[in-house]
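Descriptive structure summary
As a plain string of letters, each chain reads:
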Amino acid sequence: MTSIRQMIITLFIVAVTCAVVLSFVYAFTEPRIAETQAQLTLSGLEEVITAYEYKKIIPDTLWQAVDSSGENVGVVFRVFPQGYAGPIPITVGLDNNGKITGIRVASAAEGLAETPGLGAKITQPGFTEQFKGMTAADVALEQEGGSIEAITAATISSRAVASGVKKGIEMYGACLIPSCDPHMVFAEAERFVEVIKDTLWKAVRGADTLGIVFVGVVEGYLDDIKFMVGYNMEKIITGVAILHSQETEGIGEVIRDGEFLDKFRSGIPEAVSGATISTKALINGVTSGLERFKEYVE
Amino acid sequence: MSRLSIFTRGLIKDNAVFVLMIGLCPALATSSTVRDGFGMGLAATFVVVCSNLLISILRKNIPNEVRIPIFILIISTFVTIIDYMMQAFQPELYRALGVFVPLIVVNCMILGRAEAFASKRSVLDSVLDGLGTGLGFTLALTIMGTIREILGNGTFLGMTVFGEAFKNSPVIFMIMSPGAFLVIGILKALINKYVKKEL
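The rules behind these values
- Residues numbered from 1 in each chain as written.
- Chains lettered and ligands numbered in written order.
- Predicted model: local features only at pLDDT ≥ 70, side-chain atom pairs only at ≥ 80, totals over all residues.
- Helix = DSSP H or I, 4+ residues; strand = E, 2+ residues; numbered from the N terminus.
- Buried ≥ 20, exposed ≤ 12 C-beta atoms within 10 Å, placed from the backbone.
- Contact = placed C-beta atoms within 7 Å.
- Pairing = 2+ DSSP bridges.
- Axes fitted to C-alpha atoms, helices over the stretch in contact; angles between N-to-C directions.
- Nonpolar A, V, L, I, M, F, W, Y, C, P; charged D, E, K, R; others polar.
- Core = buried A, V, L, I, M, F, W, Y, C linked by C-beta atoms within 7 Å.
- pLDDT = per-residue confidence, 0-100.
- Parallel < 35°, antiparallel > 145°, perpendicular 65-115°, else oblique.
- Left-handed = near helix turned anticlockwise from the far one by under 90°.

Let us now look at the overall build of chain A. A tally of helices and strands in chain A yields 5 helices and 10 strands. Across the 298 residues in chain A, those meeting the buried criterion constitute 35%. Look at the contacts in chain A between residues 6 or more apart in sequence, and 47% of them connect residues 24 or more apart.

Printed below as a string of structure tokens:
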């Protein structure tokens, strides 16, 4: 019969030794693990868009692709639409015109849960190559009026990829600087003069200043909402566009809705019940933006 | 018992998967390809050899009442080591094996060898026993992985066998979970019929 004290001491010594050994192993492998992870991510990005450098915008989700002279050549983003057996990890590259430069669906070894031999065929070039050169508007399966041929007997997986890519472009495409086109909120203007970099523009036609366009960011329900507002000299909102938002599907998503955004043209709308947080955030963002930049329209 | 028979016991006569039917969960789940099965087998071999070695060295100093927690501590330390190593040097294999790497801790084959053998026998015998048991497990997983990958994916270690036509429409079912049960069932039946057990 061993004494309690001896048991405690033995257990203690073993536990401490194990902990010390593990901390050494951790210190030894940790940099290597980080490096392999980064390498894996990077090689995934290179497959969809060629660039000199990938600047992280949202960790593990969105990168800006930059060439060797520092020019933006596009963006890369990752989306995880729900497939047949689980989320499908997809990496998408977009050029500055919002055209797909390539998509890559992660293999089973990288976490794809789709049925081997059926749904898992969405990883094959025969399927993914079809997306090249498309814009968000073109991305649809043949069954839905598009031109993407679905994998036979794997319509659910194919559709998930198509809709995931489409949603991704709508969500992140606005991060392409040239496509943050102020025309979408101020159609009457001929050109825009940047007043504050990436934030405020003067809308100009001929020699007249018609109004302003500004970009703002507010905290939404799930993520920041980035929006663009056009405002003319008559103090009327000419348009509101969402550049980035990631609100709850079917609820907060309403803020991307054309119908809701159009309401801003006839004054500040009411918050939408059920999506109060998202809509209020946007409304407050627009109002405070107007307040901040009102001197430019006087 | 001779040194050789200590080694071959776990390898063939008391093969963990095919004869004792233990460690079946990882055997079924990670044997969909040769690489995964072999990788999983080697990871388990590393753990069982190292834990047998250490437990055998410490066997006279481990109080009987707390031996199980100590065995588990030692086993989980080695599992964590292999877990980190695999993440660092074999990231693709690590992703494929997923949760089954940390779950080696609860593989009863390993705790079983610690309790039944290493805690009572000399260091060399314990290492041989661990090596035999681990390689027996690796052998079983590799055999299952070979059958399942060839039939279910038309490849062996990623290389095409039986030509492209078969590769494009293989027996997909074999690399899915039901295929694992089918293969282990048939192998077990064959072993029971043709391999005489020395009882």
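A count of helices and strands for chain B gives 9 helices and 2 strands. Across the 199 residues of chain B, 47% fall into the buried class. For chain B, restricting intrachain contacts to residue pairs at least 6 apart in sequence, the fraction spanning at least 24 positions comes to 75%.

Turning to the sheet that holds strand β1 (residues 53–58) of chain A, a few remarks are in order. Residue and element names in this part refer to chain A. Spatially, 5 strands are ordered β1-β2-β3-β4-β5 in an open sheet, and the strand pairing comes out antiparallel. Here the strands that pair on one side only, and so sit at the sheet edges, are β1 and β5 (100–105). Ignoring which end each strand starts from, the neighbouring axes of this sheet average 20° apart. Of the strand pairs in this sheet, strand β2 (residues 62–66) and strand β3 (residues 72–79) are connected by 5 bridges, and their pairing is antiparallel. Paired with Gln-64 across the bridge in β3 is Val-75. Across the sheet, helix α1 (residues 4–48) touches β1, β2, β3, β4 (90–95) and β5, and the angle it forms with β5 is around 135°.

A separate point is the interface of chain A and chain B. Across the contact, 23 residues belong to chain A and 24 residues belong to chain B. For the side of chain A that touches chain B, the residue count by class is 14 nonpolar, 7 polar and 2 charged.

All names here are of chain A. With 0 of 6 residues buried, β1 lies mostly on the surface of the structure. Pairing between β1 and β2: 5 bridges, direction antiparallel. Pairing of Glu-53 across the sheet is with Val-66, part of β2. In textbook terms, the turn of a hairpin is the stretch between consecutive antiparallel strands, and for β1 and β2 this stretch comprises 3 residues, one of which, Asp-60, has a positive phi near 60°.

Before going further, it helps to examine the nonpolar core. Residue and element names in this part refer to chain B. Ala-43, Ala-44, Val-47, Ile-75, Phe-78, Ile-82 and Ile-110 are the most contacted members of the largest nonpolar core, which totals 53 residues. Contributions of two or more residues to this core are made by α3 (34–58), α4 (67–89), α5 (91–97), α6 (108–118), α7 (123–153) and α9 (177–194). When neighbours within four sequence positions are excluded, Ile-75 is seen to be in contact with Val-47, Ser-51, Val-105, Ile-110, Leu-111 and Ala-114.

Residues and elements named next belong to chain B. Here Ala-43 is to be found in helix α3. Ala-43 sits in the buried class, given 28 other C-beta atoms within 10 Å. For the pair formed by Ala-43 and Ile-104, sequence separation is 61 residues and the distance between their alpha carbons is 8.3 Å.

Right, let's talk about the pairing of strand β8 (residues 208–219) of chain A for a bit. Residues and elements named next belong to chain A. Bridge analysis of strand β7 (residues 200–205) against β8 gives 6 bridges, and the strand direction is antiparallel. Pairing of Trp-201 across the sheet is with Val-213, part of β8. From the end of β7 to the start of β8, which pair antiparallel, there are 2 residues, and Gly-206 there has a positive phi angle of about 60°. Alignment of β8 against strand β9 (residues 224–232), held across 9 bridges, turns out to be antiparallel. For Ile-212, the partnering residue across the bridge sits in β9 and is Tyr-231. Hairpin connection of β8 to β9: 4 residues between the antiparallel strands.

Attention shifts here to the sheet that holds β9(A). Residues and elements named next belong to chain A. Spatially, 5 strands are ordered β6-β7-β8-β9-β10 in an open sheet, and the strand pairing comes out antiparallel. Edge positions in the open sheet fall to β6 (191–196) and β10 (237–244), since each of these has one partner strand only. Taken over all neighbouring pairs, the strand axes of this sheet differ in orientation by 25° on average, direction set aside. Across 5 bridges, the pairing between β6 and β7 is antiparallel. Note that in β7 the partner of Val-193 across the bridge is Lys-202. Running at roughly 135° to β8, helix α5 (residues 276–293) makes contact with β7, β8, β9 and β10 of the sheet.

Looking at chain B, pLDDT values average 89 and 97% of them are 70 or higher. Considering each helix and strand of chain B separately, the mean pLDDT is smallest for helix α8 (residues 163–168) of chain B, with a value of 80, and largest for α3(B), with 94.

Residues and elements named next belong to chain A. In this fold, Ala-160 is placed in helix α3 (residues 155–172). A C-alpha to C-alpha distance of 6.4 Å links Ala-160 and Gln-82, two positions 78 residues apart in sequence. With sequence-adjacent residues up to four places away left out, Ala-160 is seen in contact with Pro-81, Gln-82, Gly-83 and Ile-88.

A word on the packing of α6(B) against α7(B). Residue and element names in this part refer to chain B. Across the interface, α6 lies against α7 with an axial gap of 11 Å and an inter-helix angle of 155°. Accordingly, the angle class assigned to the pair α6 and α7 is roughly antiparallel. By crossing handedness, the relation of α6 to α7 is classed as right-handed. Of the residues in α7, those touching α6 at Met-109, Arg-113, Phe-117 and Ala-118 are Ser-126, Asp-129, Gly-130, Thr-133 and Phe-137. Classifying every residue of the contact of α6 with α7 gives 4 nonpolar, 3 polar and 2 charged.

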